[in-house]
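Architecture and fold: a report
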Amino acid sequence: MFDFYLITDEQRKPDYPEQVGLKFIAGINLKTYENLIKKGSINSRFDYYSGF
């Protein structure tokens, strides 16, 4: 699952967002991610399994 969390501009990116209480706002599965890559909505340089 590719997850999105709310984070302030001043806050450092945590390694584990769920452990520092960030608010989860959305997520996409691998199939949706691959479809968005094909459509050009997400640049192919971004990896599903790592943060960007």
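Here's a quick rundown of the structure. If you're wondering where the values come from, they're calculated on a predicted model, not measured in any experiment.

Thresholds, definitions, all that
- Residues numbered from 1 in each chain as written.
- Predicted model: local features only at pLDDT ≥ 70, side-chain atom pairs only at ≥ 80, totals over all residues.
- Heavy atoms only, no water.
- Helix = DSSP H or I, 4+ residues; strand = E, 2+ residues; numbered from the N terminus.
- Buried < 20%, exposed > 50% of the residue type's maximum accessible area, 1.4 Å probe, protein only.
- Contact = heavy atoms within 4.5 Å.
- Phe/Tyr/Trp six-rings, centres within 6.5 Å; stacked < 30°, edge-to-face > 60°.

1. Some thoughts on the environment of Y33
For Y33, the position within the fold is in helix α1 (residues 30–39). For Y33, a relative accessible area of 6% puts it in the buried group. Separated by 16 residues in sequence, Y33 and P17 place their C-alpha atoms 20 Å apart. In contact with Y33, other than residues within four places in its own chain, are I28, I42, F46, D47 and Y48.

2. A word on the packing of aromatic side chains
According to the stated counting rule, one finds 3 aromatic pairs in the structure shown. Consider the rings of Y48 and Y49, whose centres lie 5.0 Å apart with planes at 85°: the pair is edge-to-face. Overall, Y48 belongs to the buried group, its relative accessible area being 8%. Ring pairs connect the aromatic residues Y33, Y48 and Y49, which therefore count as one cluster.

Geometric values such as these leave the question of function open.
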